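Single-letter residue listing:
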Amino acid sequence: MPIKFEEKRKIFHLYTSNFSYYMHVNKYNYLIHLYHGNYLSDISKERVSERYMERYAFVDNGKEVQDEDYYFSTFASKFECAPYGKHDKRNPFAVINDKSNIDITNFLYVEHKMYPGVDPHFTMPYPRFTAKECQTLEIILKDEYRDIYLHMYYTISEKYNILVRHSKVVNKTNEPIYVHKFSAMELDFDNDDMDIVAYHGSWGSERQKEVIPLNHSLTEISDNHGERGFYYNQNILLKSKDATLDMGEVYGFGLMYSGDFSYQFKVDEINQTRMIVSYNPENFMFTLNKDEELYSFAVLCVHSNEGINKVTQIFHDVARDKIIRETWAKKERPILINSWEAMYMNFDTDRLIKFIDKAKEAKIDLVVIDDGWFGHRDDDKSSLGDWFINTKKVDLQKIADYTHSSGLKFGLWFEPEMISPDSELYKVHPEYALYADNVKNPTLQRHQLVLDSINPEAREHVLNQIFKVVDALKPDYIKWDFNRYLSEAYSKYLTTEHKKETYHRFVLASYSMFNAFITRYPNILVESCAAGGGRFDFGMLYYTPQIWCSDETDIAIRAKINYSTNTFYPLSTQGTHVSMRKNGSIRDKACLAFFGTYGYEMDITKSSDEDIKTIQFMNDLFKKYHSVVTKGDYYAIYDPYTTNYVSWNVVSKNKKKCLVYFMIFNKEQTHARFIKLKGLDKNKYYFNSLTNDIYKGDFYMNVGLNISAEFGSYDSMLFVLEEVNSIPAKIYRKTKQVDGGKREKLLW
Ligand code: DGJ
């Protein structure tokens, strides 16, 4: 069992073969954090009593105590949930007050439970571990001053090498309590010599990697837009300064949440670091009446001493096996073509029929009709909420039937969580729009408002309309969009005391809409989207097995977006298309899009015969090797944020096949360059499609492949390695004829 409790020293040890997590209940009943790092068979006595430069006095039961043999300080010890309003002035775990307006909390250990499986009462996204795959430790603490209970959950899976944390606060007082800040986890570190790697972005430049050194001021990685992690993605790395892609200590954190969050880091006066992961306290205040409770979201905590690539592989395995719904987890995805960049909203039945015919000729599997088919929508100024076919514009039933009878799959776009002021729905139900009662002119973004999906009536009304269309057209795929963020967001449906809960409740309402849809249509492939890749997080992946990565498909920009996205999310979850945008040929863009769900975003009815041939060729290649992309192990090779290149390889789990991607940003004259591959079997022989040679795995990994050449900007390579079982002697010692065939030169 990966959790042990040593009664005598009151030490908890959570572990896998790779890491250990130690905690201790001290003699004053504080839950003390001891260690989180490489596997450690035991923790020393000194460590348990904590060692500091000097003994700090602290206050216990009203008396100043300086414990001679017990080094403990309420302001410098490492906690699992630090007290607030007392002696500890670091960033707090929870801020909770009541009508007295006094918010001091001091959560002390009461008891703990251990059980196989996950917390059975948790209803938000969580890895779908079976009882055999994990064990949970639940520690219950009680506030020293009030009957408020804190439950801390630690679910550990040895199989997946991961710790998952969340927490819960329960009000057992007779009065309401007001939760202003609430965290999923706290993690206190001994030192400060680490960097945060965070991913900020905006439309068309999602998840841009940024390295931020820890420092003594409060550093916050957060988002406050309401269900759009554009500004900062929900995942971060915390790495020792010398850690690289393949070496060194790296912690990875992934939030299974699509709403506003906050990571706070602060180095204290003796250079220890506190990390707090909470709901963003900015748009947040929960009122809990007697016996009511509030859960945090879940955090995936990964540790590696083998660099960033190892962290990435753990996230990918957990996401593919345990986060994405089983129906889609490892299923290969259809190659799609989307009408958006091909024709935006300017389509009619005839134009779409030609588009479908050409898609079939190009060996595409799925045709998606994007925005513009409903209400009276010809531009983005109207009709969200009116989910009925605009029959004056297009015969969508005919289009769906024609697509199916052509042997292709059919897909359709919706934006369920929005409402246009110019819509039938808004005319009848203006109260379905999400903005505060006292706001006369709510802010429009892309001419639209957000649907108050917290209101079950609004939610059901929209879903029922969508169900009608889906039942009639029988799409195989749905693109679920979300094109603006929240502002002036106070649900009219919530009573005054709960108004400040809108941002979090909105996330729960979205989850319930996704859930209703996938429960009714478990076999429809749903791709979520938010103005490009604005809602790319593990919470969404729990419901939708793929997410549109970005509207930017110009490879100069997109390569960096994909590289960052790859760090956390499996390639099989990333919507990647080939378009006609500026930089990169169709072939170059296809090489990049290959490492995703793959598809097209262009009017192929206007493509040249040569382009159609390239598309057909790439589609065949994709179908042949897609399973490597979907199920293989990913290794980053060149980081585009620090080099002039971007490169990675993906190796099938049985190490028989490998796909390699390489792209250069700025033109380079010929100079020596070897690309060293990763993760191959060092003893296997592989044929490579780049030089058409056979080398041993250790050769590819240590010497690498010689790719020295004159490169133009955005020149891209995609090549395949496949295991060859028997090596003909001739090839085993590879030679080349030189001097006009007079001499044979040994190549390796
Ligand atoms: C934003 C998406 O990212 C696009 O691909 C497209 O679906 C538009 N919305 C449609 O409005």
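Read on for a plain summary of the structure. (Residues numbered from 1 in each chain as written. Predicted model: local features only at pLDDT ≥ 70, side-chain atom pairs only at ≥ 80, totals over all residues. Heavy atoms only, no water.)

## Considerations on the site of the ligand
Consideration 1: Around the ligand there are 13 residues in total, and Asp 370, Asp 371, Asp 481, Gly 532 and Asp 551 lie nearest to it.
Consideration 2: The side chain of Trp 413 places a nitrogen or oxygen atom 3.2 Å from an oxygen atom of the ligand.
Consideration 3: In the environment of the ligand, a nitrogen atom lies 3.4 Å from a nitrogen or oxygen atom belonging to the side chain of Asn 483.
Consideration 4: With the chains in place, 98% of the 300 Å² that the ligand exposes on its own is no longer accessible.
Consideration 5: Here the shell around the ligand is composed, by residue class, of five nonpolar, two polar and six charged. (Near = heavy atom within 4 Å. Polar contact = N/O pair within 3.5 Å; in protein donor to acceptor, adjacent residues only side chain to side chain. Areas by Shrake-Rupley, 256 points an atom, 1.4 Å probe, with all protein chains shown as cover. Nonpolar A, V, L, I, M, F, W, Y, C, P; charged D, E, K, R; others polar.)

## Here we look at the nonpolar core
Consideration 1: Of all hydrophobic cores here, the largest spans 200 residues; its most connected members are Phe 253, Trp 373 and Phe 517.
Consideration 2: Take this core: its biggest share by element is nine residues, from helix 9 (residues 502-520).
Consideration 3: Beyond its immediate chain neighbours, meaning those up to four positions away, Trp 373 contacts Phe 347, Trp 387, Phe 388, Ile 389, Asn 390, Val 394, Leu 396, Leu 412, Trp 413, Phe 414 and Val 469. (Core = buried A, V, L, I, M, F, W, Y, C linked by side-chain atoms within 4.5 Å. Buried < 20%, exposed > 50% of the residue type's maximum accessible area, 1.4 Å probe, protein only. Helix = DSSP H or I, 4+ residues; strand = E, 2+ residues; numbered from the N terminus. Contact = heavy atoms within 4.5 Å.)

## Notes on the side chain of Ser 491
Consideration 1: Residue position: Ser 491 is located in the loop between strand 29 (477-480) and helix 9.
Consideration 2: Among all residues touching Ser 491, those that are not within four sequence positions of it are Leu 434, Asp 452, Ile 454, Lys 499 and Thr 502.

## With respect to the environment of Arg 9
Consideration 1: Looking at where Arg 9 falls in the secondary structure, it is placed in the loop between strand 1 (3-6) and strand 2 (11-15).
Consideration 2: Between the alpha carbons of Arg 9 and Met 23 there is a distance of 10 Å; along the sequence they are 14 residues apart.
Consideration 3: Among the polar contacts listed, one links the side chain of Arg 9 to the side chain of Glu 6, at a separation of 2.8 Å.

## Some remarks on unusual backbone geometry
Consideration 1: Non-glycine residue Asn 161 carries a positive phi angle of around 60°.
Consideration 2: By secondary structure assignment, the location of Asn 161 is in the loop between strand 10 (148-157) and strand 11 (162-171).
Consideration 3: Relative accessible area serves as the criterion here: at 12%, Asn 161 is assigned to the buried category.
Consideration 4: In this structure, Asn 692 is a non-glycine residue whose phi angle is positive, near 55°.
Consideration 5: Following the sequence through the fold, Asn 692 ends up in the loop between strand 39 (685-688) and strand 40 (693-696).

## Topic: the sheet that holds strand 32 (residues 574-575)
Hydrogen bonding along the main chain pairs the strands of a sheet, whether they run parallel or antiparallel.
Consideration 1: With parallel pairing, the nine strands of this open sheet are ordered in space as 32-31-30-29-26-25-24-34-33. Each of the sheet's edge strands pairs with one partner strand only, and the pair in question is strand 32 and strand 33 (577-579).
Consideration 2: Bridge analysis of strand 29 against strand 30 (residues 525-528) gives four bridges, and the strand direction is parallel. Directly across from Tyr 477, in strand 30, lies its bridge partner Leu 525. (Pairing = 2+ DSSP bridges.)

## Things to note about the sheet that holds strand 39
Consideration 1: The strand order 35-36-37-42-39-40 describes an open sheet built from six strands, whose pairing is antiparallel. The open sheet terminates on both sides in strands that have one partner only, identified here as strand 35 (633-638) and strand 40. Taken over all neighbouring pairs, the strand axes of this sheet differ in orientation by 25° on average, direction set aside.
Consideration 2: One ladder, built from four bridges, connects strand 39 with strand 42 (residues 716-724); its direction is antiparallel. Note that in strand 42 the partner of Phe 687 across the bridge is Glu 722.
Consideration 3: On the sheet, helix 11 (residues 555-568) packs against strand 35, strand 36 (645-651), strand 37 (657-664) and strand 42 and is oriented at approximately 45° with respect to strand 36.
Consideration 4: Contacts between helix 12 (residues 586-593) and the sheet are confined to strand 36, strand 37 and strand 42, with strand 42 contributing the most and set at about 50° to the helix. (Axes fitted to C-alpha atoms, helices over the stretch in contact; angles between N-to-C directions.)

## Points about the pairing of strand 3 (residues 19-25)
Moving residue by residue along a regular strand, the side chains alternate between the two faces of the sheet.
Consideration 1: For strand 3, the tally of buried residues reaches seven of seven residues, placing the bulk of the element in the interior.
Consideration 2: Judged by which residues are buried, strand 3 turns out to be covered on both faces: Phe 19, Tyr 21, Met 23 and Val 25 on one side and Ser 20, Tyr 22 and His 24 on the other are all buried.
Consideration 3: With five bridges connecting them, strand 2 and strand 3 associate as antiparallel partners. The residue bridging Ile 11 from the neighbouring strand is His 24, located in strand 3.
Consideration 4: The pairing of strand 3 with strand 4 (residues 31-38) spans seven bridges and is classified as antiparallel. Opposite Tyr 21, over in strand 4, you have His 36 as the bridge partner.
Consideration 5: The turn joining strand 3 and strand 4, which pair antiparallel and follow one another in sequence, is formed by five residues; a positive phi near 70° is taken by Asn 29.

## Describing the pattern of salt bridges
Consideration 1: Evaluation of the coordinates by the stated rule reveals 46 salt bridges.
Consideration 2: Two residues, Lys 172 and Asp 291, come together in a salt bridge whose shortest N-O distance is 3.1 Å. Highlighted residues: Lys 172 in the loop between strand 11 and strand 12 (177-181) and Asp 291 in the loop between strand 21 (286-288) and strand 22 (293-295), separated in sequence by 119 residues.
Consideration 3: For Lys 172, a relative accessible area of 38% gives the class partly exposed.
Consideration 4: Residue Asp 291 is classed as partly exposed on the basis of its relative accessible area of 44%.
Consideration 5: Because the salt bridges share partners, they merge into one network encompassing Asp 88, Arg 90, Glu 186, Asp 188, Asp 268 and Arg 274. (Salt bridge = Lys/Arg side-chain N within 4 Å of Asp/Glu carboxyl O.)

## Looking at the state of the cysteines
Consideration 1: For the structure on display, the rule yields zero disulfides.
Consideration 2: Not part of a disulfide, Cys 549 finds its nearest cysteine sulfur in Cys 529, a span of 11 Å.
Consideration 3: A relative accessible area of 0% means that Cys 549 is categorised as buried.
Consideration 4: Summary of cysteine pairing: Cys 658 is not part of a disulfide, and the nearest cysteine sulfur, belonging to Cys 591, is at 15 Å.
Consideration 5: Judged by its relative accessible area of 0%, Cys 658 falls in the buried class. (Disulfide = S-S within 2.5 Å.)

## Some points on the environment of Ser 183
Consideration 1: Here Ser 183 shows up in strand 13 (residues 183-189).
Consideration 2: Dropping the residues within four chain positions of it, Ser 183 is found in contact with Pro 92, Phe 93, Ser 167, Ile 276, Val 277, Ser 278 and Ser 296.

## A closer look at the pairing of strand 2
Consideration 1: Buried residues dominate strand 2, accounting for five of its five residues.
Consideration 2: The side-chain alternation of strand 2 yields two buried faces, one formed by Ile 11, His 13 and Tyr 15 and the other by Phe 12 and Leu 14.
Consideration 3: Where strand 1 lies against strand 2, four bridges are found, and the strand directions are antiparallel. From the neighbouring strand, Glu 6 faces strand 2, where its bridge partner is Ile 11.
Consideration 4: Where strand 1 hands over to strand 2, the hairpin turn is made up of four residues, of which Lys 10 adopts a positive phi near 50°.
Consideration 5: The antiparallel pairing of strand 2 with strand 3 creates a hairpin that spans three residues between the two strands.

## Quick notes on helix 11
Consideration 1: Here helix 11 contains 14 residues, and its C-alpha end-to-end distance of 20 Å stays within 8% of the 20 Å for a straight helix at 1.5 Å per residue.
Consideration 2: Of all 14 residues in helix 11, 12 are buried; the element is thus mostly enclosed.
Consideration 3: Inspection of helix 11 places Ile 555, Ala 556, Arg 558, Ala 559, Ile 561, Asn 562, Tyr 563, Ser 564, Thr 565, Asn 566, Thr 567 and Phe 568 among the buried residues, and these make up the whole buried set.
Consideration 4: N-cap assignment for helix 11: the residue whose side-chain oxygen lies 3.0 Å from the backbone N of Ala 556 is Asp 554. (Expected span 1.5 Å × (residues − 1).)

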